[in-house]
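Residue strings, one per chain:
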Amino acid sequence: MAKTNPGRFFEDYAVGQLIEHAVPRTVGAGERALYHALYPARHALYSSDAFAQASGLPGSPLDDLAAFHVVFGKTVPDVSLNAVANLGYAEGRWLKPVYAGDTLQSASEVIGLKQNSNGKTGVVYVRTRGSNQRGEVVMEYVRWVMVRKRDIDAPAPDTVVPELAKVIDPADLVIPEGLNFANYDFAAAGEDHRWGDYEIGETIDHVDGVTLEEAEHMMATRLWQNTAKVHFDATFRPDGQRLIYGGHIISLARALSFNGLANAQMIVGLNGGAHANPAFSGLTVKAWSEVLDKAETDVPGVGAIRLRLVATKGGEPFALRGDDGKYLPDVLLDLDYWALMPL
């Protein structure tokens, strides 16, 4: 019997299947420094223990997306090792901050299957939960992935496409215990713009750009133990290129959004997301945002803002789709999320 793991193929999944992902991982303080080395991340709550403590937290947590990447990476050998592409996200919530010393593990439930018309691939929907060493769920999200079939003659499963909320109700967002922006230090944060300064429908060009480097992408995929073949093996794709990990694009875009959204401190909800076009090393990533909604919370000084974050290959800002309704070729990422911001 072979002892190596070839990864699951589309016909290996069944709706209702529960997968406990291997190799729990303890995160340390160095994780934050390395995350900030990979991305131009400057949000104050994740950069300064003093700032976080003044905001009611015991210290600076691990960046919300870094925690997401750790949880996500655990799932790759079981969910997307044989993936063609990671297609989208929904119903994501950050439920507890992750701190240095926490140990994270992941588990997923298969909630949907749909074979593609070509008969060679299918889409797998999973709901993943990441937990800490105390068994507390720190985050949850749904994602769907296009996965190869091992045997194209294998019968197609019954199609089950889950009904997913398009937007997380603001009342269902979880604000970290103790968080309080009543005495928020705008000078330390880097910008004066508060929740009330943003209008629904407003668009923000984040101006700056970052050119993708093969070495940085490979460091990120190794850091979060993302073993998907398309990111590592240049022979796996017909074009001979390694696909840049989608999480790398998300973190780059989020870091670029600091210029104009420095006070959108914590991501607490992921309403939806799509990796619209593939990215490869040498491309220059730029970003823009649109304010989609705003909501008050019952926590002193804290408001919620819903943002669309778009990463592009350096294309014109604020252009998203063509007349045919499809994403423009320059669009890499379309991410819809809730963040917490001082009132």
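Per chain, residues are indexed from 1 in the order of the written sequence. Given that this is a predicted model, residues contribute local features only at a pLDDT of at least 70 and side-chain atom pairs are listed and counted only at 80 or more, while totals for whole chains, interfaces and linings are drawn from all residues. Values shown for side chains rest on all heavy atoms present in the structure; no hydrogens or waters enter the calculation.

Peer 1: An account of the pairing of strand β4 (residues 103-115) is requested, with residue identities and associated values reported.
Peer 2: Two strands make a pair as long as DSSP finds a minimum of two bridges between them. Helix and strand labels come from DSSP, where a helix needs a run of H or I of at least four residues and a strand needs a run of E of at least two; each type is numbered from the N terminus. Where strand β1 (residues 18-20) lies against β4, three bridges are found, and the strand directions are antiparallel. Of the residues in β4, the one forming a bridge with Glu20 is Ala107. One ladder, built from two bridges, connects strand β2 (residues 25-26) with β4; its direction is antiparallel. Each bridged residue has a counterpart across the sheet, and for Thr26 the counterpart in β4 is Thr103. Bridge analysis of β4 against strand β5 (residues 121-131) gives ten bridges, and the strand direction is antiparallel. Counted as the bridge partner of Gln105 is Ser131 from β5.

Peer 1: How would you explain the pattern of salt bridges if you had to name every residue and give the values?
Peer 2: Pairs may arise between side chains of opposite charge once their charged atoms sit close together. For this analysis, a salt bridge means a side-chain nitrogen from Lys or Arg found within 4 Å of a carboxyl oxygen belonging to Asp or Glu. Within the structure shown, the criterion is met by 14 salt bridges. The closest approach of N and O atoms between Asp78 and Arg8, which form a salt bridge, is 3.0 Å. Of this pair, Asp78 sits in helix α3 (residues 64-79) while Arg8 sits in the segment before β1, and the two are 70 residues apart along the sequence. For Asp336, the salt bridge goes to Arg306, with nearest N and O atoms at 2.5 Å. Here Arg306 lies in strand β10 (residues 302-312) and Asp336 lies in strand β11 (residues 331-342), a separation of 30 residues in the sequence.

Peer 1: Explain the packing of aromatic side chains residue by residue, including any values.
Peer 2: Paired rings are identified among Phe, Tyr and Trp, the last through its six-membered ring, by centres lying within 6.5 Å, and are further divided according to the angle between planes into stacked (under 30 degrees), edge-to-face (over 60) and tilted (the rest). Counted by the stated rule, this structure contains 13 aromatic pairs. Taken together, a centroid distance of 6.1 Å and an interplanar angle of 45 degrees make the contact between Phe68 and Trp94 tilted. Placement of Phe68 in helix α3 and of Trp94 in strand β3 (residues 83-94) is noted, with a sequence separation of 26 residues between them. Residue Phe68 shares its accessibility class with Trp94, and that shared class is buried. Remark: exposure states derive from per-residue accessible area (1.4 Å probe, protein chains only) relative to the maximum for the residue type, with buried under 20%, exposed over 50%, and partly exposed in between.

Peer 1: Tell me about the side chain of Ser289, and please be specific about residues and values.
Peer 2: Summarising the element assignment, Ser289 is placed in strand β9 (residues 284-296). By the criterion applied in these results, polar contacts are pairs of N or O atoms within 3.5 Å in which, for protein atoms, one can donate a hydrogen and the other can accept it, and in which residues neighboring in sequence qualify only through two side-chain atoms. Separated by 2.7 Å, the side chains of Ser289 and His206 make a polar contact. Between two residues, a contact is recorded if the distance between any of their heavy atoms is within 4.5 Å. Every residue in contact with Ser289, bar those within four places of it in the chain, is listed here: Glu202, Thr203, Ile204, His206, Ser257, Leu261, Arg308, Leu309 and Phe318.

Peer 1: Any chance you could break down the nonpolar core for me, citing the residues and the numbers?
Peer 2: Counting 59 residues, the largest nonpolar core has Tyr39, Trp224, Ile249, Val285 and Ile305 as its most contacted members. With residues up to four places along the chain from it excluded, the contact list for Ile249 reads Leu212, Ile244, Ala279, Val285, Ala311, Leu332 and Leu333. Residue types Ala, Val, Leu, Ile, Met, Phe, Trp, Tyr and Cys, when buried and joined through side-chain atoms within 4.5 Å, form a set referred to as a nonpolar core. Counting 22 residues, the second largest nonpolar core, distinct from the first, contains Tyr46, Leu57, Val268 and Trp338.

These figures capture arrangement, not role.
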